[in-house]
Amino acid sequence: MFMLKKLSDFLKRGLPAKSEMFLVLSTAAFLIFTWSVRTLFFNFPAFLLSYTIGEILVIAAYMLAFALFETLLATLLLIIMSALLPGGIFKEGFSYKASFFLIAFGAVSIHMQNVMTNQPTTDFLLLELGRALTLWLVPVLLTRYVNVVRKIVLDILDRLIIFSYIYLPLGIVSLLVVAFRLLW
Amino acid sequence: MTIDSKLSRRDFLKLMALTPSVLAARPLASLLDPKTDSATPHILFFVFDAWSAANVQFHGYPRRTMPNLERFAERCYVYHNHYTAGNFTVPGTASMLTGLYPWTHRAVQLTAGGVASAHQTHNLFAALEATHSTLGFSQNPYADIFLYQFEKYLDTYLSEAIFNLERRQFSSLPFFNNDAQFAFASFENNILRNGKGTSGSLFLSMISRLNKLLRYSRFRQLYRDVYPKSLPTAGGVFLLDQLVDGMMDTIRKFDSPTLAYFHVFPPHEPYAPNRKALSLFDDGWTPLEKPDHPLSQHRSADEMLASRLRYDQYLATWDAEFAHLLDELETSGLLEKSIVVITSDHGELFERGETEHNTFLLSSPVVHVPLLISLPGHAQRKDIHAFTSNVDLLPTLANLVGAPAPSWTEGHLLPALGGEEDLDRSIYSIDAKTASSFSTFEKYSISLIKQRHRLIFYQYPEHSGFEFYNMDDDPEELRDLFPSAPSLAGQMQQELLDKVDEFNAPYKKTH
């Protein structure tokens, strides 16, 4: 009982506000689903050569279901980071800090997907990590200390919520399609 | 009149009295099933991926790359002019398994699309299901897609990673068994691609790729003494000896006549010769110089030479390992109870500015593959120089085990195994990897063999034209006779263009 209370207190102290968590979920959905849909459209002409429209829709269902899984996982990891790290690093201003974190590491991931060979050196990986941290830190500091930037950033994040109303249901429907195919 | 369906106690006792006789009759009933007939031979069908006849000494190569297989060939039907219908795994394997040319089965791109739905019932496993239990295994994921497609004809399906050190493919998790073809098309081809280029997953693809590289690096450290250059890798890292042991263990368990299709990755790149083979072929030998092809990637001579050397060394490594399986088949007596087929889905190229088989070219080394067939009770080598196609394997195997020849196959019976050499027969190879399965082939390479001559036609915006070779006088395809316009070239040109019109006709839009 004592342990449960302790855990509950810890979560209350460490977890960001629900509204902020939802903003981050929306940003994650926007980035991850948009990238997935972009890849789908990029591959679409090649798919048309060997798959029927029905088969392409099945592949799309797999991609969107996976995007849903990735979105939830990314958001959950950021929430856990917020709970574990000192409040000043992530919890305060969680919505924009976590969102910039996703944007920075997403950008570096895309860059690495294109340039990384099958024998990456440690120097290369450290450089990419440095790039990601810089890409994260600069906008975070600007948002933290420049009011105009802060207002614009929070306004944009607020508007990204619309994507979660589109992408998340799409992900859920796709997940049901995949589950149906795997179970029956 | 009504029939009382209730079982009385007396009826039940009568039925019980029959039980011992039913049990006694069971072995008698099984005698009527050809699948349990001990006289029916197993069919052990081994496909070495990307294995070119051009690099094997018993087909005329100066380097002795495969001495053990050469020894095995002494008891085989050796087909010296065997051609695949495609120049990479997808069309080559599909043609071998369906007995159909690529323009019919339509599996022509490097995707998991598979054969057209109309031909999913047309395959080797379906043709022999009445006489044999069937087993399918492919280390190459792009050949595995056909096993997914033909799954209902497979009694046993072995996952591509079953003999590997690691399971690298997300789609081969048992969770996806019900939908393996689309799981592969979605994950390996899109969401979590294992190589340079964008993947559908923004974050997890990169984490997954880094994890794979880390695991590979650990395996490299672990097996550096055996494989100093690189490790054998297909869907995941594997060791050649474990692959051979795994196949042998599988074969030992056969308790009824079985058709077993083993599509192994070696000698496909990455070439991974072991330490012992790395010292081989330091002989200063250089192949005949051939001009760069306009459609080639213009690799340098040094690059082609180095790549060829590594391929030859990997062939020698694979040969030494596979010899253990052949020896065991012999000592266990299984060889005398089996039809053994050893061939490839396509060849490999180290000439004309091209390496490996990711090419539009149809030069012989990329479509000319070895074919060895060993039969029970046949211990003498028989060399067959007639030109044959890999669409011939399906009808020939059916014929050998007394199964009815499928009406849908486009292949012929192989000479010496039910068929005869026909100089006028037309044998095709085609590459249409940029074409659509659902429309006419507009950009393609196609070759026609007839009367021991070979006509190749390239139809691309970058290069279009014919090449014509006399395969008896010029097997290296060095002297293009097309410019001198021999009459046979003209006839074959017309026949080839008619064939293109014929297979494109059903897909032409009518206005």
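Residue positions are given per chain, counting from 1 as you read along its sequence in written order. Working convention: letters from A go to chains and numbers from 1 go to ligands, in the order in which they are written. Whole-chain, interface and lining totals are the exception, using all residues; otherwise, since this is a predicted model, local features are given only for residues with pLDDT of at least 70 and side-chain atom pairs are given and counted only at 80 or more. Computation of side-chain values: all heavy atoms of the structure, hydrogens and water removed.

Peer 1: Would you explain a nonpolar patch on the surface in this entry?
Peer 2: All names here are of chain A. Taken together, Leu137, Val138, Leu141, Leu142, Tyr145, Val146, Val148, Ile152 and Ile156 make up a surface patch of nonpolar side chains, about 840 Å² in accessible area. Helical segments are the DSSP runs of H or I of at least four residues, strand segments are the runs of E of at least two, and each set is numbered from the N terminus. Those elements that place two or more of their residues in the nonpolar patch are α5 (122-145) and α6 (147-183). Ranked by the residues each element gives to the nonpolar patch, the list is headed by α5, at 5 residues. Considering the arrangement of structural elements, one finds Ile156 in helix α6. Accessible area is worked out with a 1.4 Å probe on protein chains only. A residue is then buried under 20% of its type maximum, exposed over 50%, and partly exposed in between. On the basis of relative accessible area, Ile156 is assigned to the partly exposed category, the value being 48%. For patch building, the residue pool is restricted to those with more than 30% relative accessible area and no salt bridge; the joining distance is 9 Å between like charges and 5 Å between nonpolar side chains (Val, Leu, Ile, Met, Phe, Trp, Tyr). Per-residue accessibility takes into account occlusion by the displayed protein chains alone, with areas from the Shrake-Rupley method and a 1.4 Å probe. Salt bridge, as used here, is a side-chain nitrogen of Lys or Arg placed within 4 Å of a carboxyl oxygen of Asp or Glu.

Peer 1: Any chance you could explain the packing of helix α4 (residues 94-115) of chain A against α6(A) here in plain terms?
Peer 2: Angle between the axes and distance between the axes are the two parameters that describe a pair of packed helices. Residues and elements named next belong to chain A. The axes used here are C-alpha line fits, helices contributing only the stretch in contact, and every angle between their N-to-C directions lies in the interval 0 to 180 degrees. At their nearest, the axes of α4 and α6 sit 10 Å apart, and the two run at 75 degrees to each other. Comparing the axis directions of α4 and α6 gives the class roughly perpendicular. Contacts between α4 and α6 involve Ser95, Tyr96, Ser99 and Phe100 from the former and Arg150, Val153, Leu154 and Leu157 from the latter. Class assignment for the residues of the contact of α4 with α6 results in 5 nonpolar, 2 polar and 1 charged. In these notes the angle categories are as follows: under 35 degrees is roughly parallel, over 145 is roughly antiparallel, 65 to 115 is roughly perpendicular, and the rest is oblique. In this description, contact between two residues means that some pair of their heavy atoms is separated by no more than 4.5 Å. Gly is placed with the polar residues, together with every amino acid not listed as nonpolar (Ala, Val, Leu, Ile, Met, Phe, Trp, Tyr, Cys and Pro) or charged (Asp, Glu, Lys and Arg).

Peer 1: Please explain the interface of chain B and chain A as it appears in this structure.
Peer 2: Often, the extent of an interface is quoted as the loss of accessible area upon association of its parts. Across the boundary between the two partners, chain B contributes 37 residues, which contact 40 residues of chain A. Interface of chain B and chain A: buried area, both sides summed, is about 3400 Å²; carbon and sulfur atoms make up 65% of it. Connecting chain B to chain A are 1 salt bridge. The partner of Asp179(B) in a salt bridge is Arg181(A), with the nearest N and O atoms 2.7 Å apart. In protein, a polar contact requires one atom able to donate a hydrogen and another able to accept it; more generally it is a pair of N or O atoms within 3.5 Å, and residues adjacent in sequence count only if both atoms are side-chain atoms. Applying the counting criterion to the chain B and chain A interface returns 20 residue pairs in polar contact (both at pLDDT 80 or more). Mapped onto the side of chain B that touches chain A, the elements with two or more residues apiece are α7 (180-191) and α8 (204-222) of chain B. Per element, the largest residue contribution to the side of chain B that touches chain A is 8 residues, and it comes from α7(B). Values labelled buried area give the accessible surface lost by two parts on being combined, using a 1.4 Å probe and summing over both.

Peer 1: Is there a simple way to think about the sheet that holds strand β1 (residues 42-48) of chain B in this case?
Peer 2: Note on sheets: strands pair through backbone hydrogen bonds, and any given pair is parallel or antiparallel. All names here are of chain B. Across the sheet, 8 strands lie side by side as β4-β3-β5-β1-β6-β9-β2-β10; this open sheet has mixed pairing. Strands at the two margins of the open sheet, each flanked by one partner only, are β4 (156-158) and β10 (382-389). Between one strand axis and the next, the sheet turns by 15 degrees as a mean value, whatever way the strands run. Sheet topology places strand β3 (residues 133-138) next to strand β5 (residues 258-264); 6 bridges connect them, and they run parallel. Following the sheet pairing, Gly136 is matched in β5 by Tyr261. Contacting β1, β5 and β6 (338-343), helix α10 (residues 301-331) crosses the sheet at an angle of about 175 degrees to β1. Relative to β6, helix α12 (residues 393-400) is tilted by about 170 degrees, and along the sheet it contacts β1, β2 (77-83), β6, β9 (368-374) and β10. For two strands to be treated as a pair, DSSP must find no fewer than two bridges joining them.

Peer 1: I tried to follow the side chain of Lys499(B) on my own but got confused; where do I start?
Peer 2: Residues and elements named next belong to chain B. With respect to the helices and strands, Lys499 occurs in helix α13 (residues 487-504). Overall, the relative accessible area of 17% leaves Lys499 in the buried class. Setting aside chain neighbours within four positions, we find Lys499 in contact with Trp103 and Tyr428.

Peer 1: Please explain the nonpolar core as it appears in this structure.
Peer 2: The tendency in soluble globular proteins is for nonpolar side chains to be buried as a group. Residues Tyr62(A), Phe45(B), Phe125(B), Phe146(B) and Ile373(B) are the most contacted members of the largest nonpolar core, which totals 67 residues. Ranked by residues supplied to this core, first place goes to helix α3 (residues 53-84) of chain A with 9 residues. Every residue in contact with Tyr62(A), bar those within four places of it in the chain, is listed here: Val178(A), Leu182(A), Phe176(B), Asp179(B), Phe182(B), Ala183(B), Ser186(B), Phe187(B) and Ile191(B). For the purposes of this section, nonpolar cores are sets of buried Ala, Val, Leu, Ile, Met, Phe, Trp, Tyr and Cys residues that join through side-chain atoms within 4.5 Å. Judged by nonpolar contacts, the second largest core, of 51 residues, contains Phe46(B), Phe137(B), Tyr216(B) and Val340(B).

Peer 1: Sorry, what's going on with the sheet that holds strand β12 (residues 444-450) of chain B here?
Peer 2: Residues and elements named next belong to chain B. Strands sit in the order β11-β12-β13-β14 across an open sheet of 4 strands; the sheet is antiparallel. Strands at the two margins of the open sheet, each flanked by one partner only, are β11 (427-431) and β14 (464-470). Across the sheet, the mean angle from the axis of one strand to that of its neighbour is 10 degrees, orientation sign disregarded. Note that β12 and strand β13 (residues 453-459) share 7 bridges and pair antiparallel. Within the sheet, the bridge partner assigned to Leu448 lies in β13 and is Leu455. Sheet contacts for α13: β11, β12, β13 and β14; angle to β12, the most-contacted strand, approximately 130 degrees.

Peer 1: Would you explain the packing of aromatic side chains in this entry?
Peer 2: For any pair of aromatic rings, geometry is given as the distance between the ring centres together with the angle between the planes. When two rings of Phe, Tyr or Trp (its six-membered ring) have centres within 6.5 Å they constitute a pair, described as stacked for plane angles under 30 degrees, edge-to-face for angles over 60, and tilted for the intermediate range. Taken as a whole and judged by the stated rule, the model has 46 aromatic pairs over all chains. Consider the rings of Phe66(A) and Phe69(A), whose centres lie 5.8 Å apart with planes at 55 degrees: the pair is tilted. Residue Phe66(A) and its partner Phe69(A) are located together in helix α3, separated by 3 residues, close to a single helical turn. Judged by its relative accessible area of 8%, Phe66(A) falls in the buried class. Considering the side-chain rings of Tyr142(B) and Phe184(B), the 5.4 Å spacing of their centres and the 80 degrees angle between planes classify their relative orientation as edge-to-face. A residue pair is termed long-range when its members are at least 10 positions apart, and Tyr142(B) in helix α6 (residues 141-149) and Phe184(B) in helix α7 qualify at 42 residues. For the residue pair Tyr142(B) and Phe184(B), the accessibility class agrees, reading buried in each case. Geometrically, a lysine NZ or arginine CZ counts as sitting over a ring once it is within 6 Å of the ring centre and also within 35 degrees of the ring normal. Just above the ring of Phe42(A) sits the side chain of Arg38(A); from NZ or CZ to the centre is 4.8 Å. Against the face of Tyr507(B) rests Arg106(B), its NZ or CZ located 3.8 Å from the ring centre.

Peer 1: So what exactly am I meant to see when it comes to the environment of Phe441(B) here?
Peer 2: All names here are of chain B. By secondary structure assignment, the location of Phe441 is in the loop between β11 and β12. Residues Phe441 and Lys508 lie 67 residues apart in sequence; the distance between their C-alpha atoms is 9.9 Å. The residues contacting Phe441, other than those within four sequence positions of it, are Trp103, Arg106, Val108, Ile430, Ala432, Ala435, Ser436, Phe503 and Asn504.

Peer 1: Before we go on, may I ask you to explain the pairing of β14(B) in this structure?
Peer 2: Taken residue by residue, a regular strand's side chains alternate between the two faces of the sheet. All names here are of chain B. Summarising burial for β14: 6 of the 7 residues are buried, a large majority. The sheet contact formed by β13 and β14 spans 7 bridges and is antiparallel. Across the sheet, residue Arg454 finds its bridge partner in β14, namely Tyr469. Here β13 folds back onto β14, and the loop between the two strands holds 4 residues.

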